[in-house]
Amino acid sequence: MSKPITRISSNAPVFEDNDPQEDLITLNIGPTHPATHGVFQNVVQIDGERIVGGVSTIGYIHRAFEKIAEHRPYYQITPLTDRLNYCSSPINNMGWHMTVEKLLDIEIPKRVQYMRVIVMELARIADHIICNGILGVDTGAFSGFLYVMQEREFIYEIYEEICGARLTTNIGRIGGFERDFNDVAFEKIREFLVRFPPVLKEFQELFDRNRIFIERTSNVAAVTPEQALDYSWSGPILRATGVDYDVRAHSPYCSYEEFDFDIPVGTNGDVYDRFMVRNEEMWQSMRIIEQALEKIEKEPKGVFHADVPAFYLPPKEQVYTNMEALIYHFKIVMGEWDAPKEEVYQAVEGANGELGFYLISDGGRTPYRLHFRRPSFINYQMFAPMSSGMLISDAIINMSSLNVIAGELDA
Amino acid sequence: MDKLTNQLVISKLQATFGDKVYNFSEPKGLLTLETDRETIIDLLMLIKEDEFMQFIYLTDITAVHYPELEKEYAVVYHVHSLIHNVRIRIKVFITASDPRIPTASFLWNGANWMERETYDFFGIQFEGHPDLRRILNMDDLGVFPMRKEYPLEDPNRVDKKDFYFGR
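So, how was this worked out
- Residues numbered from 1 in each chain as written.
- Chains lettered and ligands numbered in written order.
- Predicted model: local features only at pLDDT ≥ 70, side-chain atom pairs only at ≥ 80, totals over all residues.
- Helix = DSSP H or I, 4+ residues; strand = E, 2+ residues; numbered from the N terminus.
- Buried ≥ 20, exposed ≤ 12 C-beta atoms within 10 Å, placed from the backbone.
- Contact = placed C-beta atoms within 7 Å.
- Expected span 1.5 Å × (residues − 1).
- Bend = angle between axes of the 7 residues up to and from the residue.
- Nonpolar A, V, L, I, M, F, W, Y, C, P; charged D, E, K, R; others polar.
- Core = buried A, V, L, I, M, F, W, Y, C linked by C-beta atoms within 7 Å.
- Domains from an automatic or database assignment.
- Pairing = 2+ DSSP bridges.
- Axes fitted to C-alpha atoms, helices over the stretch in contact; angles between N-to-C directions.
- pLDDT = per-residue confidence, 0-100.
- UniProt positions renumbered as here; feature names shortened; annotations may be inferred.

The next point concerns the overall build of chain B. Across its full length, chain B holds 3 helices and 7 strands. When the elements of chain B are put in sequence order from the N terminus, they spell out α-β-β-α-β-β-β-β-α-β. Overall size of chain B, expressed as C-alpha extent along the three principal axes, is 60 × 45 × 25 Å. The buried share of chain B, reckoned over its 167 residues, is 37%. A separation of at least 24 residues holds for 49% of the contacts in chain B among residues at least 6 apart in sequence.

Here it is in structure tokens:
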């Protein structure tokens, strides 16, 4: 017997009651997800494409650096700092050396300070290249990323000339550098100053007036200065909101007060402002490197460490022939140096913000306590609260523009 | 505008809190002082909201474990007055049997994760914290790993002990 089917009009609701379209969906973004560039997990509740609420889970690559540091002599902590923000490890290395030098009251020669400035600004450029390049990728523009990545490769070549390593650099020692910059290094730094500006200009032109990019990023994740300060933000993302806080200018270290550079600030605090602030910071870093190279010319040649034999390892050939050098070598390697019982806080302007080292010494071979104030950890805190109400795709470019580095987040 | 000096901060705090703030020192020029847990929130609120001092930026919260002291844990706050560019370090010592301290997370939203991290590693109970869970370690760790009694390596290993080096 035939039964006529009921035809459903295309607009009729599929479910009369208990419509699943009204329910929220819980979605796990991460821990490993191609859009998050690292190990981040966010459990979000979504209504369609809009995020209603979320929780960030962090700690997937926690390596207990603070605990390890309590069991290592001071010079063995430098490789740990490499692995905090691994996109700009020289800044972390220098920050750690400066912390210990502050504790030990070591005066660093001007030439060494300028060398450090060069290395740190190169690292800042390398870090901002990645962040802005990836932001381009996440908004759908892959080509910019590839153009600038070549220049990051060149910066890594400069690191190689200076210290032999590329990513986890371990540059320098407490008291200066382990060796002088060679001629090739200086040559490459000068070459970088010539070849990078046109590339950066081209990169910038791809984006800053690009209609698609502007509409994709402007007014996305806008943050007011009050909110940013409330969440203890620092670095480029704080400056994008309009607060001109930069550790290099506020509490100058490494003679930054002698350099002429501007602090770019944004007005809106959105993703577009963060992109522009980082771009402008790269130009300012170039200016600083240029000035540093000029200043180095005027300093006596061949000085690459402070004259502190009790804290700086003597040259190896002297260790075999010279009694004093042997004693100092032994004492330094065994951690037998006289550290005062004191506590210091030293902050440097990392690529993501204020990177602080809180060091408590009890006079022993190892720090009694070492705490890293990690900008990524503190900056990332607002991500989940600020994401509610956002589209998923906006939250993803928001995350790229925060430039959270998993190593620094989890320590 | 007058410049904010460490001496000025000390006199302002002593005018309000009297002998509740003590042990002032300036290691490397950074004003360090101690207070107790009943006073800490009032103190943070005062220095944050004082129109002249304006310590509006919370740099960091962490803790230190001193097993040999009577009050074993020091909770350390670093606060920064951006307008004067003055930093201040405030310590609160609390006992191991009663490791409680009021939360600062309603003064600064940024304190939320810093306090969670401190709880995670030291077991400091921040009272009134909206979400005091472990943050970096796994939830079922069961210990607070930055306390000095938890060894990093094999505790029977003696070749790294300081007494071999004349200390």
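Alright, that's what it looks like, and here's the rest.
A tally of helices and strands in chain A yields 17 helices and 6 strands. Projected onto its principal axes, the C-alpha coordinates of chain A cover approximately 110 × 45 × 45 Å. When each of the 411 residues of chain A is scored for burial, the buried share is 48%. When contacts within chain A are restricted to residue pairs at least 6 apart in sequence, those whose partners lie at least 24 apart make up 70%.

Turning next to helix H6 (residues 183-207) of chain A. All names here are of chain A. Over its 25 residues, H6 runs 36 Å from end to end, which matches the ideal 36 Å to within 8%, given 1.5 Å per residue. At Phe 196, H6 shows its strongest bend, of approximately 30°, with the proline Pro 197 following within four residues. Taken together, the buried residues of H6 touch helix H4 (110-138), helix H5 (142-163), helix H7 (211-217) and helix H11 (271-298).

Okay, the interface of chain A and chain B next. Listed by partner, the interface residues are 34 residues for chain A and 28 residues for chain B. For the side of chain A that touches chain B, the secondary-structure elements that each account for two or more residues are helix H1 (65-69), helix H8 (225-230), strand S4 (343-349), strand S5 (354-360), strand S6 (369-373) and helix H14 (375-380) of chain A. Its residues placed into classes, the side of chain A that touches chain B shows 13 nonpolar, 10 polar and 11 charged.

Counting residues in hydrophobic clusters, the biggest one holds 150 residues, and the most contacted among them are Ile 118 and Val 119 of chain A together with Val 75 of chain B. The biggest single contributor to this core is H4 of chain A, with 15 residues. Three or more residues apiece are contributed to this core by two domains, here domain 1 (20-57) and domain 2 (65-308 + 339-410) of chain A. When neighbours within four sequence positions are excluded, Val 75 of chain B is seen to be in contact with Ala 63, Val 92, Ile 94, Ile 101, Thr 118 and Ile 124 of chain B.

With that settled, consider the environment of Gln 7 of chain B. Mapped onto the secondary structure, Gln 7 of chain B falls in helix H1 (residues 6-17). On the neighbour-count criterion, Gln 7 of chain B (11 C-beta atoms within 10 Å) is exposed.

This brings us to the sheet that holds strand S1 (residues 25-29) of chain A. Residues and elements named next belong to chain A. Ordered by their spatial adjacency, 3 strands build an open sheet running S1-S2-S3, and the pairing between neighbours is antiparallel. Looking along the sheet, the strands with just one partner apiece sit at the ends: S1 and strand S3 (50-57). Strand-to-strand twist of the sheet, defined as the mean angle between neighbouring strand axes without regard to direction, takes the value 25°. In this sheet, S3 lies alongside strand S2 (residues 41-47) in antiparallel orientation, the contact comprising 7 bridges. Across the sheet, the residue bridging to Val 43 is Val 55, located in S3.

Our next topic: the confidence of the model for chain B. Here chain B shows a mean pLDDT of 89. Residues at 70 or above account for 93%. Taken over the whole predicted complex, pTM reads 0.91, whereas the ipTM for its chain interfaces reads 0.92.

Glancing now at the sheet that holds strand S1 (residues 22-25) of chain B. Residue and element names in this part refer to chain B. Across the sheet, 5 strands lie side by side as S1-S2-S5-S4-S3; this open sheet has mixed pairing. Edge positions in the sheet fall to S1 and strand S3 (57-65), since each has one partner strand and no second. Across the sheet, the mean angle separating the axes of adjacent strands is 20° when strand polarity is ignored. Relative to strand S5 (residues 86-94), strand S4 (residues 73-81) is paired through 9 bridges, and the arrangement is antiparallel. Looking at the pairing, Tyr 73 lines up with Ile 94 of S5. Packing of helix H3 (residues 111-122) onto the sheet brings it into contact with S3 and S4, and relative to S3 it is tilted by some 5°.

Under the feature "domain: NADH-quinone oxidoreductase subunit D" (unreviewed entry), the UniProt entry names residues 138-410 of chain A. For residues 138-410 of chain A, the helix share is 52%, the strand share is 7%, and the end-to-end C-alpha distance is 23 Å.

Residue Asn 219 of chain A is not a glycine yet carries a positive backbone phi of 65°. Note on placement: Asn 219 of chain A falls in the loop between H7 and H8. By the C-beta count within 10 Å, which is 14 here, Asn 219 of chain A ends up partly exposed. Backbone geometry places Asn 85 of chain B, a non-glycine residue, at a positive phi of 55°. Take Asn 85 of chain B: it is sitting in the loop between S4 and S5. Residue classification places Asn 85 of chain B among the partly exposed residues on the basis of 13 C-beta atoms within 10 Å.

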